[in-house]
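A structural walkthrough
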Amino acid sequence: MAASHRAEKRFCGGIDVGGTKLSCALFTRQGEMLVRRKMRTNPKGGEKAAEQVLRAIGSLEIAAREKGGGLLAVGICVPGIACRKGGLVWAPNIRNWDLFPLGERLRKNSRVPIFLDSDRSAYILGEQWRGAASGARHAVFLAVGTGIGAGILIDGRVCRGSDGIAGAVGWFALQPEFKPEYASMGCFE
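Residues numbered from 1 in each chain as written. Predicted model: local features only at pLDDT ≥ 70, side-chain atom pairs only at ≥ 80, totals over all residues. Heavy atoms only, no water.

Another aspect to go through is the overall build of the protein chain. Looking only at helices and strands, one finds five helices and eleven strands in the protein chain. Its C-alpha radius of gyration of 17 Å places the protein chain within 12% of the 16 Å reference for a compact globule of 189 residues. The principal-axis extents of the C-alpha atoms in the protein chain amount to approximately 65 × 40 × 25 Å. The contacts in the protein chain between residues at least 6 apart in sequence include a share of 51% that link residues at least 24 apart. For the protein chain, the exposed area adds up to about 10800 Å²; of that, 55% sits on carbon and sulfur atoms. Side-chain charges in the protein chain split into 27 positive and 17 negative, and the spacing between the mean points of these groups amounts to 7 Å. (Helix = DSSP H or I, 4+ residues; strand = E, 2+ residues; numbered from the N terminus. Rg over C-alpha atoms; globule rule 2.2 N^0.38 Å. Contact = heavy atoms within 4.5 Å. Areas by Shrake-Rupley, 256 points an atom, 1.4 Å probe, with all protein chains shown as cover. Lys, Arg positive; Asp, Glu negative; His and termini not counted. Charge placed at Lys NZ, Arg CZ, Asp CG, Glu CD.)

In structure tokens form, the structure reads like this:
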């Protein structure tokens, strides 16, 4: 009985790092949200934004203890590309996150397992698990915020594409002629 009681007191954390805001939440293993916090993403980006993510992990650990348990793991999504093997991130809406070693930085400074992914992949996985795409084998989630991205589900699995770039639709070319501003934000965005 004690082992099952302990298992019930394990919580998961989620952190959504965006171009303008960072949201974090504490969840039960069944997906019930217990705590949610939001703050402005540090406009300096780079290390400052990474420090914010570390503080968010720390606040989730505290929230889990306050709920009488511990933090099992934290999933973190970024607005761009998260290289699953090396933990590098490319997020054009966050300054100095051009192949920034976020995964390494977080794993070195956190006591809980970290899972890093693109926001578009996280969004479609969330919808598949508990949302509108529950039970679907094929679905697309279009996120429009500071940037534009599409999470793509094919045959029940996330389509990541070469180098994790599938769904980075903000870069779609909508006009045949290139304009200099496309270099910083993409044509569709």
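Take the sheet that holds strand β8 (residues 114-118) next. Overall, mixed pairing links the five strands, which are arranged β3-β2-β1-β4-β8 in an open sheet. Looking along the sheet, the strands with just one partner apiece sit at the ends: β3 (33-40) and β8. Neighbouring strand axes in the sheet, compared pairwise and without regard to direction, differ in orientation by 15° on average. Lying on the sheet, helix α2 (residues 46-66) is in contact with β1 (10-17), β2 (21-27), β3, β4 (70-78) and β8; it crosses β2 at an angle near 25°. Its contacts with the sheet put helix α3 (residues 102-109) on β4 and β8, and the angle it makes with β8 is roughly 160°. (Pairing = 2+ DSSP bridges. Axes fitted to C-alpha atoms, helices over the stretch in contact; angles between N-to-C directions.)

Here we come to the environment of F172. Here F172 lies in the loop between β11 (157-158) and α5 (182-185). Accessibility expressed as a relative area gives 48% for F172, which makes it partly exposed. Once the C-alpha coordinates of F172 and E104 are considered, the two residues, 68 residues apart in sequence, prove to be 30 Å apart. (Buried < 20%, exposed > 50% of the residue type's maximum accessible area, 1.4 Å probe, protein only.)

What follows deals with the packing of aromatic side chains. One pass over the full model with this rule turns up two aromatic pairs. Aromatic pair W97 and F100: ring centres 5.6 Å apart, planes at 15°, arrangement stacked. You'll find W97 and F100 in the same group, each marked buried. Ring centres 5.3 Å apart and planes at 50° place the aromatic pair Y123 and F141 in the tilted group. Of the two residues, Y123 sits in helix α4 (residues 119-130) while F141 sits in strand β9 (residues 139-144), which places them 18 residues apart along the sequence. By relative accessible area, Y123 is classed as partly exposed at 22%. On the basis of relative accessible area, F141 is assigned to the partly exposed category, the value being 25%. The positively charged end of R130 is found above the aromatic ring belonging to W129, 5.6 Å away from the centroid. (Phe/Tyr/Trp six-rings, centres within 6.5 Å; stacked < 30°, edge-to-face > 60°. Lys NZ or Arg CZ within 6 Å of the ring centre and 35° of its normal.)

A separate point is the sheet that holds strand β5 (residues 81-82). Spatial ordering of the open sheet is given by β5-β6-β7, a layout of three strands whose pairing is antiparallel. With partners counted over all chains shown, the strands left at the sheet margins are β5 and β7 (98-100), one partner each. In the sheet, strand β6 (residues 89-90) pairs with β7 via two bridges, with the strands oriented antiparallel. Bridge pairing in β7 links V89 to F100.

The next subject is the nonpolar core. I15, I57, V74, I76, W97 and L102 are the most contacted members of the largest nonpolar core, which has 31 residues in total. When contributions to this core are tallied by element, the ones reaching two or more residues are β1, β2, α2, β4, α3 and β8. Sort the elements by how many residues they give to this core and α2 lands first, with nine residues. With near-sequence residues (within four places) excluded, L102 lies in contact with A50, V78, G87, V89, W97 and L116. Ranked by size, the runner-up nonpolar core spans five residues in total, among them I124, A139, L153 and V158. (Core = buried A, V, L, I, M, F, W, Y, C linked by side-chain atoms within 4.5 Å.)

Geometry only, nothing functional implied.
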